[in-house]
Structure formats: structure tokens, C-alpha cells
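Working through the structure, step by step
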Amino acid sequence: MDYFIQQLINGITLGGLYALIALGYTMVYGVIQLINFAHGELFAAGGYVGVILLSYFAGLGYMETYPILCLAAAFALTMGYCAFLAMAVEKVAYKPLRRQSRLAALLSALGVSIFLSNGLMLTQGVYDKAYPSELFQGGIDIGMITIGYLQMMIVGMTIFLLVGLNILVFKTKIGMAMRATAQDKIMSSLVSISSNRIISLTFAIGAGLAAAAGIMVGLYYGSVRYDMGFLPGIKAFAAAVLGGIGNITGAMLGGLIIGMVEIFGAGYISGQYKDVFAFIILISVLYFKPTGIMGENIDDTRV
Amino acid sequence: MIHEFKKVWKPYTIGLVWLLGLLWPLLGIHPDGTLSFGKTFTVWFYIAVSASFCLLLYVMNKSGRLDVVSRPFTGFREAIKQASGKLPVWIWILILLLFALCYPQFTNRYAQDVATNVLIYICLGLGLNVVVGLAGMLDLGYIAFYGVGAYTYALMNLHFGMSFWVCLPIAALLAMTAGCIIGYPTLRMRGDYLAIVTLGFGEIVRILLNNWMALTNGPNGLLGIKAPSLLIPVFDGGFSFEVFYLKKLQYLYYVALALALITVIAVRNLNFSRIGRAWEAIREDETAAELMGVNTFLLKLLAYAMGAIFAGLAGAFFAARMRFVSPESFTFLESAMVLSMVVLGGMGSIPGIILGAAALIVLPEVFREFESYRMLAFGMAMVVMMLFRPEGLIPAKRVGGRSEEKGG
């Protein structure tokens, strides 16, 4: 039982991280129907900028005196950086292709993904980059269960971001404009919503969430690598599809499910095949409900 | 020219400033708590200079200043086009074939190696073309079938000592079975759901190959696979057969050429048959195709199976050529590579895909000196290609635009 609860806690932590990445996929897909293959690389870039900033603060010696402030600054700056990166990517590689076939945009996204991961490799080196590890050591022991402070921080931050996003999308004017653009670009531009600006904003928000996930993954596993974006990227995409792509609540749920399945599969069945379980769940859910758990019926004409 | 320049200078300047902002945190912030600007500016300066050069060319081209240079080129191209139109197509094919046959006679090992690679990827690209280009189903896990083919031959050869020619159909058959297994549950899905499920299957196959130590020897791979062999009759002192292994690169090149030719002919015949037309109908509008009496379920499954067969053949040959297989060769990047060949060359167009495969294999080899920048340039080239010529190098003639895409 203790083992089960321990795994549950780990699963929630990982699932929250997947949910954060999956949101970027699902929001972009909702607005321009593009699988943004470069999203995983934005997540990796977040991890890298996070480690650069945190080591810089550590080098200045602020880490010992104001750890929380440093972390908050790192989060804010990294999310901003990735938001700007994503907006640049959108303007250069996706915007001119909006009228072309969807496969062209998809290939362009693949190209951006390869470009970004190699750019990270060239500027940061091929080896793992270690996070400053003195943050959030230790944890609370309840019987046999350990909840690390780091895990608590990650779950807290994830909940904070998810709630913030929900408020932004469902309660504010900007969110309303985003939803309107996702539903009908022509109609929303007729009521003077600038669809270009909304699309940029969507990319920026998605990338910001992914960047936060990148820092937290870096803190959780202790290091980052230039190709770390790939597997979490496709698993998060799987999570987005599982929840019904284009659906924000679905992406959160899908991320949680994928994270849980991975942790429980690794804990109870086999650690080697942990990456397989996520896909098996995805395929079996899609077999019985081809539009995902919370998805609506997709348009027949989409390729 | 000034007028043209006025239109573009603003986004261009913003882009360069933006780039500087994105570059600096990666290069200029150091873990020892110092900041530096020198390196960032040098890198940025190089990029800015080359980008300005491209911009200048672009603006000159737009305003017609380059006509002095480009007009003779256009005239030359037109002349070639006219000359080539005079000869029937089959003569060109014959010339190409002759060139391909003579190729190993006047090239070195390295060039033959690259050419063999190109031929393998032509098989793969044409196979994927059946699925993506003809039937319109986006498959991101195509390389899994290639892996199935390669491991089939590797295991059959290592455990049972079976020869390449016997294993070739078996590999194709197993790959086809895998294609049907993957195809069957995915046929109900459309569009991007299909993409992620095929991607998932591809990853599952790779992870299985990586972890099933007893069968595949895991990440270490399988060593000691035999090259394809021929039985040569020997007449000294009676009549017997001698096993002759085609180890030399030159022979392997011919085997690959034969495989590629078979694939080209098969895909061409499929394309212009009843089945090919049915696939194209499914691609254009599945509901309408079904209404017209096309058995969409069976034909989509067939598309998967056919695509998988070609990948299986190519995979078996790959194992025989390298005499070593490991899961490293069957990653998602390879799937992406094959897909980009299909799309860069022009979906549904056989000469286009051949050209795409050749370009994507040969160009990185040419720029081998810039080893570490190779993939960076590859990614950038893909984006640029999509921006300026999204329909591919040689677009297929029969592809009609979808109403949805025209409307935007």
C-alpha cells in the first residue's frame, strides 16, 4: 500500500509535467490545426535557459541567500525567453505556410525541431548539463512514504500554472478571443480580433508552459540534455491526443493519465518498457473512442 | 529596388534584433556569474552578414536587377527543356538506367556506398509514398517496417543460416503482417490521430528491439550477418555449386539497384492501376470515395501492407549490407527523413521522390566537413524548402488541390 501511494505521488508529479507540455500542443492545434513538432524542443530550451540562469545566480552567490527569489526569477525569465522563441518560430516557419497544405507546415515544424535541437547542441555542448542541486533537498516522511520538497514545489507550481491558464482562457477577454479564433478565424476577424496576434499569443503561452516544465524536469532529474525534448514531447503529444486534441481540459487529463500509466507501468510491470505503456494506453483508448476522451467529432475533410 | 527594399527592411531588422535577443542568453551568460557579449556578437555578426546578402539577392531579384544574370540561365533551361522534349521519355529512362548500371565502374568505394544508400532510401521513399502520397494517410512510424525487415533477415540468417534470397520474401511478408497489425486498429482514425498512433507504434517497435535482450541482443545489436550469396556452378571434377558471397560493395550496389528498380516499377504500376486511382480517391475525399463504391477499409489496409512490403525488402537488404543491425538505425529521425524525402520530392511523384532521396542523402555527404552544422543546416533547409516550394521539387501531375486547402 505504501508503495502504491508513493507511486501515486510520483505519477501525479510526472503527469502534471506532461500536462504542462501537452497544453502547448493542444492550444496550438486548436487555433491553427498544426502539430507543432518543435514544441518538445521549446521544452528542452526552457530546461537549458533555466540551468544557465540558475548557475549564473549560483555563481553570483545569490542562491544561498535568496533561493526562492532566484528560482522565481529563473522561471519568469525562462518562460519569457521561450515565449519569444516560439513567437519567432511561428513568424518565420509557420505563418507563411498557413494557406499551404497541412503536410507542408508539419514538415516545416519537423525542420524547426531538428534545427532547434542542433542549435542547442552547438551552443551548449553534447553532454548533460547538471542543475544546481542544493535546491529543495530533503522531504517529509509519512510512515514509509516520502514526499520530496521538490515534488511539492513541482506539483504546486503545476497547479498554479494550470489554474492560471484556465482563468486566462475561460474568464478573460483575451481567452474569449482565443476561443473565438479557434472556432472560426474569419468570423472572429470580422469582430476585430487580430487572428495573427492571437496565434502568436497562443504559441507564446504554450511555450511558456513548456519552459516551466523544462525547468522542473531539469530540477527533478538533476540535468538536461540537448535531445531531452523528443520523448517527453511525443508523450505529451500523445497526452494531448488522448484527451482529445484541441481541448484544454482534455490535455490536462491526458497528461495526468499518461504520467500515471508510465509510473505505474514502470513500478508494477517493467521499468524497461515504461515508454511503451503510454503508447499502448493511447492506442487502445483511440481504438474505442477515435476522437480522444474529451474530443468532439473532427471534421471529415482533415487530413 | 528602393521600393522593394522599403517593404522588407522592417521585419528584417526586427528579426535580426530578435535573433540577437534569443542568442545572447545561450552564449553570453556563464555559470561563474559573469556576462559576456563578445562571442554572441561575433556569431550574430556572421549570421547578420549572410542574411543581409540573401536579402540583397532577394530584393534584386524582385526588382528585376538580376535579370542580366538570370536571363541567359532561363534561356539555357528553356533550350534544355525543348531538347529533352524531342526525345521520348523512355530514352531518358534508358540513359539513366545505363548510367546507373555503369556507375560502379568509374567511381570509388565511397561513392558506391553513398549510391547504395540512395537506392535504399528510394525504396523506402517510394514505399512511404504509397501510404502518404497516394492514400493520403500520414504515417510517422514508417521506419518500424524497415526495422522488421532488417531484423527478420538478421535473425533468420544467424539462427537458421537461411540465405538472403529466401529471407527477402519472408521479410516482406513479416513486414506486411506488421503493417496489417498496425493498420487494422488505426484505420478508423483520421488525420492527426493516425499520425500519433503510427508514431507510437514506431516507438513501440524501437523500444521492443532495444529491450528484448533474448531475441535482439538489445542496444548492442546483432553482429555477423552474412552478405547475400549466389550459387555459382563449378565444373572442375564433376558438377557442383559454390556459394559466392556478394561482399564487395559493387555487387551490393547492383542488388540495391535491382530492388530499387522493382520498387519503381511496382509503385508506378500501382499508381496507374485501378487500385492507385481508388487510393487517390480516398485521399481526395474518403466519404465520396466510399459512396462511389470504393472499399475504403480494404484499400487503406492494402496501402499500409504495400508500403510495409517495400520497407521490409529495403530493411532486409540493409541488414545484409551492413552485416550488423541495432535499434539505433530505426529511430523517429529516420522516419522523419523518409517523410521529408517524399514531401521534398513531391508527394505522389516517382521521379520527384527519387530526386528527393538523392538530394537528402548526397547533400549532407557533400557538406561532411561541416559535420556539426550538418543537421542544423538540414533543419533550416527543410523549413526554407517548405516556404519557397511546398509542392516539392517535381510535383505529381495528377494531384488536385483540396477545396479546403484552397480556401485556407
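Positions within a chain are numbered from 1, following the residues in the order the chain's sequence is written. Naming scheme: in the order in which they are written, chains are lettered from A and ligands are numbered from 1. This being a predicted model, a pLDDT of at least 70 is required before a residue's local features are given, and a value of 80 or more before pairs of side-chain atoms are given or counted; all residues contribute to the totals for chains, interfaces and linings.

Take the overall build of chain A next. Secondary structure counts use DSSP, requiring at least four H or I residues in a row for a helix and at least two E residues in a row for a strand, with both numbered from the N terminus. When its secondary structure is counted, chain A shows twelve helices and four strands. Here the C-alpha radius of gyration of chain A, 19 Å, is about what a compact globule of 303 residues would show, namely 19 Å. For the radius of gyration, the atom set is restricted to C-alpha positions; the globular benchmark scales as 2.2 Å times the number of residues to the power 0.38.

Time to look at the overall build of chain B. For chain B, the count of helices and strands is 17 helices and four strands. Once C-beta atoms have been placed from the backbone, residue pairs whose C-beta atoms lie within 7 Å are recorded as contacts. Taking the intrachain contacts of chain B between residues at least 6 apart in sequence as the baseline, contacts between residues at least 24 apart amount to 74%.

To continue, consider the interface of chain B and chain A. Taken together, the contact pairs 47 residues of chain B with 53 residues of chain A. Among the elements of the structure, helix H1 (2-28), helix H8 (192-211), helix H14 (332-345), helix H16 (374-388) and helix H17 (403-407) of chain B are those that each provide at least two residues to the side of chain B that touches chain A. Considering every element that reaches the side of chain B that touches chain A, the biggest residue donor is H8 of chain B, with eleven residues. Only Asp, Glu, Lys and Arg are considered charged, only Ala, Val, Leu, Ile, Met, Phe, Trp, Tyr, Cys and Pro nonpolar, and every remaining residue, Gly among them, polar. Its residues assigned to classes, the side of chain B that touches chain A comprises 28 nonpolar, twelve polar and seven charged.

Right, let's get into the nonpolar core. One finds Cys82 and Ala238 of chain A together with Cys123, Ala175, Leu313 and Ala314 of chain B to be the most contacted residues of the largest nonpolar core, which totals 215 residues. In contact with Ala175 of chain B, not counting residues within four places along its chain, are Phe145, Val148, Gly149, Ala308, Ile309, Ala311, Gly312 and Gly315 of chain B. Think of a nonpolar core as buried Ala, Val, Leu, Ile, Met, Phe, Trp, Tyr and Cys residues, each tied to the set through C-beta atoms within 7 Å. To sort residues by exposure, count the other C-beta atoms lying within 10 Å of each residue's C-beta; 20 or more gives buried, 12 or fewer gives exposed, and values between give partly exposed, all with C-beta atoms placed from the backbone.

Residues and elements named next belong to chain B. Within strand E3 (residues 240-245), only zero of the six residues are buried, which leaves the element largely exposed. Any two strands with at least two DSSP bridges between them are considered paired. As judged from the six bridges shared by strand E2 (residues 229-234) and E3, these two strands associate in the antiparallel manner. In the strand pairing of E3, Ile232 is matched with Glu242. Between E2 and E3, which pair antiparallel in sequence order, lie five residues; one of them, Gly237, sits at a positive phi of approximately 65°.

Once that is clear, we can look at helix H7 (residues 173-183) of chain A. All names here are of chain A. By the burial criterion, the buried members of H7 are Met178, Thr181 and Ala182. Burial along H7 is one-sided: seen end-on, the buried residues are contained in an arc of 100°. Turned more than 90 degrees off the buried face of H7, the exposed positions are Lys173 and Gln183. Buried residues along H7 sit against helix H1 (2-32), helix H6 (149-171), helix H8 (185-190) and helix H9 (195-221). This arc corresponds to the set of directions leading from the helix axis out to the C-beta atoms.

Looking now at the confidence of the model for chain A. Of all residues in chain A, 97% have pLDDT values of 70 or greater, and the mean over the chain is 87. In the predicted structure, residues 297-303 of chain A sits below a pLDDT of 50 and forms twelve contacts with residues beyond four places in sequence or in another chain. Each residue carries a pLDDT score, the predictor's own confidence in it, on a scale running from 0 to 100.

Further remarks concern the packing of helix H5 (residues 109-134) of chain B against helix H13 (residues 296-322) of chain B. When two helices pack together, their arrangement is given by the angle between the helix axes and by the axis-to-axis distance. All names here are of chain B. For the pair H5 and H13, interaxial distance at closest approach is 8 Å and the crossing angle is 165°. Relative to H13, the element H5 is oriented roughly antiparallel. Crossing geometry of H5 relative to H13 is assigned as left-handed. Across the interface between the two elements, Thr116, Ile120, Cys123, Leu124, Leu126, Gly127, Leu128, Val130, Val131 and Leu134 from H5 touch Ala303, Tyr304, Met306, Gly307, Phe310, Ala311, Leu313, Ala314, Phe317, Phe318 and Arg321 from H13. For the contact of H5 with H13, the class distribution of residues is 17 nonpolar, three polar and one charged. Think of each axis as a best-fit line through the C-alpha atoms, taken over the contacting stretch in the case of a helix, with angles from 0 to 180 degrees between the N-to-C directions. When describing relative orientation, an angle under 35 degrees is termed roughly parallel and one over 145 degrees roughly antiparallel, while 65 to 115 degrees is termed roughly perpendicular and anything else oblique. Here is the rule for handedness: rotate from the far helix to the near one, and if that takes an anticlockwise turn smaller than a right angle the crossing is left-handed, while a clockwise turn gives right-handed.

Here chain B averages 85 in pLDDT, while 97% of its residues score no lower than 70. Confidence metrics for the complex model read pTM 0.86 and ipTM 0.84.

With that settled, the discussion passes to the environment of Glu242 of chain B. All names here are of chain B. Note that Glu242 resides in strand E3. For Glu242, a count of 10 C-beta atoms within 10 Å puts it in the exposed group. Counting along the chain gives 139 residues from Glu242 to Tyr103, while the straight-line C-alpha distance between them is 28 Å. In this structure Glu242 touches Ile232 and Val234, once residues within four positions along its chain are discounted.

All names here are of chain B. Contact pair helix H11 (residues 274-284) / H13: the axes reach a minimum separation of 10 Å and the direction vectors enclose 105°. When the axes of H11 and H13 are compared, the pair comes out roughly perpendicular. Listed contacts from H13 to Ile275, Ala278, Trp279 and Ile282 of H11 are Thr296, Leu299, Lys300, Leu302 and Ala303. Residue composition of the contact of H11 with H13, grouped by class: seven nonpolar, one polar and one charged.

Positive phi, close to 55°, is recorded for Ser192 of chain A, a residue that is not glycine. Turning to its location among the elements, Ser192 of chain A is positioned in the loop between H8 and H9. Residue Ser192 of chain A is classed as exposed on the basis of its C-beta count, with 7 C-beta atoms lying within 10 Å. For Asn217 of chain B, which is not glycine, the phi dihedral falls at a positive 60°. If you trace the backbone, Asn217 of chain B turns up in the loop between helix H9 (213-216) and strand E1 (222-223). Owing to 18 C-beta atoms within 10 Å, Asn217 of chain B belongs among the partly exposed residues under this scheme.

This part covers the environment of Ala45 of chain A. All names here are of chain A. Residue position: Ala45 is located in helix H2 (residues 39-60). Residues Ala45 and Ile215, 170 residues apart in the sequence, show an inter-C-alpha distance of 9.3 Å. Residues in contact with Ala45, not counting those within four places in the same chain, are Cys82, Leu85, Leu116 and Leu120.

We now examine the environment of Gly222 of chain A. Counting through the fold element by element, Gly222 of chain A comes out in the loop between H9 and strand E4 (223-224). Overall, Gly222 of chain A belongs to the exposed group, with 12 C-beta atoms counted inside 10 Å.

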